[in-house]
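# Summary of the model geometry
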Amino acid sequence: MNVLQRYRPEPGSAAELNGRRPRPAAGEAAVRLTDITKVYGRGPAAVHAIDRLSLTVDEGEFVCIVGASGCGKSTLLSIVAGLDTPTAGQVETAGRRVAIMFQEPALFPWLTARRNVELALRALRVPREERKRRALELLDSVHLADFADKRPHELSGGMRQRAALARALAQDADVLLMDEPFGALDAMTRDLLHDELERICSERSLSVLFVTHNVREAARLGDRVVLLSSRPGRVIEQYDVPRTGPRRIDSASVATLASQITDRLREEMRRHG
Amino acid sequence: MASTQTPASADAASQNSAIAGLDSLELGDLTKSREPARIARKVWSATWPKLLAIGLVLGAWQLFYLSNFHGDTDSGLVNGPGAGLANLWDQAQHVQLWQAIGNTVRTAVIGYLLAMLIGSILGAVVSRIPPLRAATGSIISGLQTMPSIAWFPFAIILFGTTQSAILFVMVLGAAPSIANGLITGVDYTPPLLLRAGRTMGLRGISLYRHLILPASLPAYLAGLKQGWAFAWRSLMAGQLLVIIVGNLSLGVLLNNAQDNQDLTGAISIMIVILVIGIVVDAIFSKTDLVVRRRRGLLTEAQST
């Protein structure tokens, strides 16, 4: 299917030489974090946001990170995205391209949905003739083809987030970082977007690091759920979610896992109380 | 046919239609009616405040005339709006007024474009280089508070009574506002958009071109508008102060009216100056409205 083909520059072309690093070998970890520490400030006033956190995301794996406030979830994603540098520790993505999505769509308000996507393609040096076609394909894959020429303010919250997803996909990433992307949406829209995200990620075999404070959402989406402690953030528990077939937010298995995680999370909060 | 579909494609189809349904529910009815009655109402609601304003001005003029202030009406110094407008009409028949308008508008355009160029470059450079900004930021703000007319002695000593003196003061008056507008716009670029832009791989010049400059457009436009107001005032002051031999301008006509004790003639020229100012202001307002509408920064009431 045309829509599913991802942009690859011609070997030896300017686009490849300018932007691309060698393709990663399959089967290895997509993201490997080793002893990541992030400290804000110095001396006695220093705040340990993250403390010796180690985590791997396998190729094509969907990892959800949950934790109470102050567990450094967003800081962690910024570090993986290269928007922030860790005080200590290593981030390895083995040349994989990383895209990030925020709680707010962060679309450029002066551009239409299509132009927003095109700009991401342009930053990748996709030739002009290619951009429009590819942007429309990407918007089509998030069911926004009919709204390609609308500006962000003319779209609903869920549509904006889908446009932001299309823009993230345009970045031709192997790893998608999502920072509570559906946190501001109503439950109904969120449900639909969960299904959409699941479909798109498996179609494109993306590796995903998904941060949320919604335990059910994590249990619904993740192949693995990672629980972080608060202040400093550290991995305290990991839950593997067996792939036994389609899940829904109200599936019994999701509810069971969610309550298990919630209990552990409460225990962690009491430690701070 | 449901019977021929696989369960997976039936699921996908129901998912797609659920999304389409949700989208149309959330957007509501976007079609705007284009019926003539609606357009007529729109035109009328845009026109009546202006008609009212003109009526109020003419009414005040008539009252001033009737009040016989200082006995000036009796002495024939003050004319009513009827005679005044007739004077304007009369002047409009002569090429002199049109020459003056042409010269004034040309100077305005040259001075403003110069101020725009210098202000924009200054703003772009200062906003990019923090040490420069710390050094010159307060100078730029300080220049803005300086009444531009105070620069004229300096300009006349430097350039003599020439067009250059007027242009110099126009640029000094307008460029700081334009630079400040651009600097403000750059400062107020939302950090979230900057993060989004950086992860998309926008760097350096392309970050500026595709993100920072478009994001600063509303503030830059506000600076341009304020800059125009300063430039126009500086120009009028300049044309009254710096009389250039052989150069007919609105300022010269105003001066002539003053010398001839021709109050009605002076009012006619003032009306012309006012109209030019209002027209340019309307262009800026319209541009601002278009930019804000595109970005969804208008309320429902403002956008209709």
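Fair warning: this is a prediction, and the values are worked out from it, not measured in the lab. Residue numbers here run from 1 along each chain, matching the order of that chain's written sequence. A letter from A marks each chain and a number from 1 marks each ligand, given out in the order of writing. This being a predicted model, a pLDDT of at least 70 is required before a residue's local features are given, and a value of 80 or more before pairs of side-chain atoms are given or counted; all residues contribute to the totals for chains, interfaces and linings.

### What about the overall build of chain A?
Helix numbering and strand numbering both begin at the N terminus, where a helix is a DSSP run of H or I of at least 4 residues and a strand a DSSP run of E of at least 2. What chain A contains, in helices and strands, is eight helices and nine strands. Residues classed as buried in chain A amount to 43% of the 273 residues present. Counting other C-beta atoms within 10 Å of a residue's C-beta gives its exposure: the residue is buried at 20 or more, exposed at 12 or fewer, and partly exposed in between, where C-beta atoms are placed from the backbone.

### With respect to the overall build of chain B
For chain B, the count of helices and strands is twelve helices and zero strands. Each helix (α) and strand (β) of chain B, taken in turn from the N terminus, gives the series α-α-α-α-α-α-α-α-α-α-α-α. For the radius of gyration, the atoms used are the C-alpha atoms, and the globule rule reads 2.2 Å times the number of residues raised to 0.38. Compactness check: chain B gives a C-alpha radius of gyration of 28 Å against a globular reference of 19 Å for 304 residues, more than 25% above the reference. Reported as C-alpha extents along the three principal axes, the dimensions of chain B are approximately 100 × 55 × 30 Å. For chain B, buried positions account for 26% of its 304 residues.

### Concerning the sheet that holds strand β1 (residues 29-40) of chain A
What holds strands together in a sheet is hydrogen bonding between their backbones, with the strands either parallel or antiparallel. Residues and elements named next belong to chain A. The criterion for strand pairing is that DSSP finds at least two bridges linking the strands in question. Taken together, three strands build an open sheet; the order of strands is β2-β1-β4 and the sheet is antiparallel. Unpaired on one side and paired on the other, β2 (47-58) and β4 (88-92) mark the two borders of the sheet. Ignoring which end each strand starts from, the neighbouring axes of this sheet average 15 degrees apart. Summarising the sheet, β1 and β2 pair through eight bridges and their orientation is antiparallel. Here an angle of 0 to 180 degrees is reported between the N-to-C directions of two axes, which are lines fitted to C-alpha atoms, with helices fitted over the stretch in contact.

### Considerations on the interface of chain B and chain A
You'll often see interface size given as the accessible area lost when the parts meet. Any residue pair is listed as a contact if its two C-beta atoms, each placed from the backbone, are within 7 Å. On the side of chain A, 25 residues touch chain B, which itself brings 25 residues to the contact. Those elements giving two or more residues to the side of chain B that touches chain A turn out to be α1 (7-27), α8 (191-199) and α9 (204-241) of chain B. Top element by residues in the side of chain B that touches chain A is α1 of chain B. It accounts for nine residues. All amino acids are sorted into three groups, where Ala, Val, Leu, Ile, Met, Phe, Trp, Tyr, Cys and Pro are nonpolar, Asp, Glu, Lys and Arg are charged, and the leftover types, Gly among them, are polar. When the residues that make up the side of chain B that touches chain A are grouped by side-chain class, the tally is twelve nonpolar, seven polar and six charged.

### A word on the pairing of β1 of chain A
All names here are of chain A. Between β1 and the antiparallel strand that follows it, β2, lie six residues; Gly 41 among them carries a positive phi value of about 80 degrees. Taken together, the four bridges between β1 and β4 define a ladder with antiparallel strand orientation. Looking at the pairing, Thr 34 lines up with Gln 90 of β4.

### Considerations on the sheet that holds strand β8 (residues 224-228) of chain A
Residues and elements named next belong to chain A. As summarised here, the arrangement of the six strands in space is β5-β6-β7-β3-β8-β9, forming an open sheet in which the pairing is mixed. Strands with a single pairing partner mark the edges of an open sheet, and in this sheet they are β5 (98-101) and β9 (235-240). Between one strand and the next, the sheet's axes are offset by a mean angle of 15 degrees, whatever the strand orientation. Bridge analysis of strand β6 (residues 175-179) against strand β7 (residues 207-211) gives five bridges, and the strand direction is parallel. Across the sheet, Val 175 pairs through a bridge with Ser 207, a residue of β7.

### Brief notes about the confidence of the model for chain B
Residue and element names in this part refer to chain B. Across the chain, each position has a pLDDT score giving the predictor's confidence in that residue, from 0 to 100. Counting all residues, the mean pLDDT for chain B is 85, and 92% of those residues have values of 70 or more. Predicted confidence for residues 1-5 stays below pLDDT 50, and this span has two contacts to residues more than four positions away or in other chains. In the predicted complex, the global pTM is 0.77; the interface-specific ipTM is 0.77.

### A look at the nonpolar core
Ala 166, Leu 177, Leu 209 and Phe 210 of chain A together with Ala 174 and Ala 231 of chain B are the most contacted members of the largest nonpolar core, which totals 122 residues. Considering every element that reaches this core, the biggest residue donor is helix α7 (residues 163-187) of chain B, with 15 residues. Excluding anything up to four places from it in sequence, Leu 209 of chain A contacts Val 31, Val 57, Val 63, Ile 65, Leu 77, Val 80, Val 175 and Leu 177 of chain A. Defined on buried residues, the nonpolar core groups Ala, Val, Leu, Ile, Met, Phe, Trp, Tyr and Cys residues joined through C-beta atoms within 7 Å.

### Digging into the packing of α9 of chain B against helix α11 (residues 263-294) of chain B
A pair of packed helices is characterised by two quantities: the angle between their axes and the separation of those axes. Residues and elements named next belong to chain B. Close contact between α9 and α11 brings their axes to 10 Å; oriented N to C, the two are set at 175 degrees. What the angle tells us is that α9 and α11 run roughly antiparallel. Where α9 approaches α11, its residues Leu 217, Pro 218, Leu 221, Lys 225, Trp 228, Trp 232 and Met 236 are matched on the opposing element by Ile 273, Gly 277, Val 280, Phe 284, Thr 287, Asp 288, Val 291 and Arg 292. Of the residues contributing to the contact of α9 with α11, the split by class is ten nonpolar, two polar and three charged. In these notes the angle categories are as follows: under 35 degrees is roughly parallel, over 145 is roughly antiparallel, 65 to 115 is roughly perpendicular, and the rest is oblique.

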